[in-house]
Amino acid sequence: QSALTQPASMAGSPGQSITISCTGSSDDIGGFNYVSWYQLHPDKAPKLIIYDVYRRPSGVSPRFSASKSGDAASLTISGLQAEDEADYYCSSYTTSASRIFGTGTKVTVL
Amino acid sequence: QVHLQESGPGLVKPSETLSLTCTVSGGPISGYYWNWIRQTPGKGLEWIGYIYDTGRTNYDYSHRSRVAMSVDTSKNQVSLSLSYVTAADTAVYYCARAPGGLYYFDYWGQGILVSV
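Since we're looking at a predicted model, the values are computed, not measured.

Calculation criteria
Residues numbered from 1 in each chain as written. Chains lettered and ligands numbered in written order. Predicted model: local features only at pLDDT ≥ 70, side-chain atom pairs only at ≥ 80, totals over all residues. Heavy atoms only, no water. Helix = DSSP H or I, 4+ residues; strand = E, 2+ residues; numbered from the N terminus. Rg over C-alpha atoms; globule rule 2.2 N^0.38 Å. Buried < 20%, exposed > 50% of the residue type's maximum accessible area, 1.4 Å probe, protein only. Contact = heavy atoms within 4.5 Å. Lys, Arg positive; Asp, Glu negative; His and termini not counted. Charge placed at Lys NZ, Arg CZ, Asp CG, Glu CD. Core = buried A, V, L, I, M, F, W, Y, C linked by side-chain atoms within 4.5 Å. Pairing = 2+ DSSP bridges. Axes fitted to C-alpha atoms, helices over the stretch in contact; angles between N-to-C directions.

(A) Expanded view of the overall build of chain A. A tally of regular secondary structure across chain A gives 0 helices and 9 strands. Written out in order from the N terminus, the α and β elements of chain A read β-β-β-β-β-β-β-β-β. Computed over C-alpha atoms, the radius of gyration of chain A comes to 13 Å, within 12% of the 13 Å expected from 2.2 N^0.38 for 110 residues, which places it in the range of a compact globule. Here the C-alpha coordinates of chain A stretch approximately 40 × 30 × 30 Å along the principal axes. For chain A, buried positions account for 46% of its 110 residues. Long-range pairs, those at least 24 residues apart, make up 57% of the contacts in chain A between residues at least 6 apart in sequence. Counting 8 positive and 9 negative side-chain charges, chain A places the averaged centre of each group 7 Å from the other.

Structure representation (structure tokens):
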């Protein structure tokens, strides 16, 4: 099963909003409401920022929001801040009872 | 606060077995699925599989023939073995916790780079 498709990179100025797409199929994103998003900073443990499509774990900034439509999901970062510069990955449960990740998006704050 | 720490050799020879351990502190092993995930150089994240506290496993089909996971609840540790490694197995390996019955990874280790 191929990885979910994300844009390789996105950039925005401080205060702006960006939306990262994550495209899959009916075997993963389209078949379940089990999309999650992770933030990866170099030399730090990856961080869960969204689970079950749109839910935010306690302590995660409300500037992070997410949704799903059909076979695609998206993550929006509002009010972009320097600390948001990181790699972002989506993930989904699949019909094979496995987990699949996206190709990853590098976010740059200009 | 839950903390996961991966450990093991940073260099493995081709055709040998990669063996890693994840030590869990600040929380129990029981009731959670313990996953291994890797990130190969220049590529994205790849799920390898999980082990539950009972020892039940689920491995991704692409690794099934070479992977074995184990759990030691007395030591709060989970382990990964990947046999017959090649250069393609060079990656940062993470362990990550998934709450029982749920489909996301709420805590991750910092990762360990293993070169083949």
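(B) Representation of the nonpolar core within the structure. Among the nonpolar cores identified, the biggest contains 24 residues, and B:Leu18, B:Leu20, B:Trp36, B:Met69, B:Leu80 and B:Tyr93 are the most heavily contacted of them. Of all elements in the fold, only β2 (18-25), β3 (32-39), β4 (45-52), β6 (67-72), β7 (77-82), β8 (91-99) and β10 (112-114) of chain B reach the threshold of two or more residues within this core. If you tally residues by element for this core, the top one is β2(B), at 4 residues. A:Val35, A:Ile50, A:Val53 and A:Ala86 belong to the second-largest nonpolar core, a separate cluster that totals 23 residues.

(C) Structural detail: the sheet that holds β7(B). Residue and element names in this part refer to chain B. Spatially, β1-β2-β7-β6 is the arrangement adopted by the 4 strands of the open sheet, whose pairing is antiparallel. The open sheet terminates on both sides in strands that have one partner only, identified here as β1 (3-7) and β6. The average undirected angle you get between the axes of adjacent strands in this sheet is 15 degrees. Direction of pairing for β1 relative to β2: antiparallel, over a ladder of 5 bridges. Each residue of the ladder has a partner; that of Ser7, found in β2, is Thr21.

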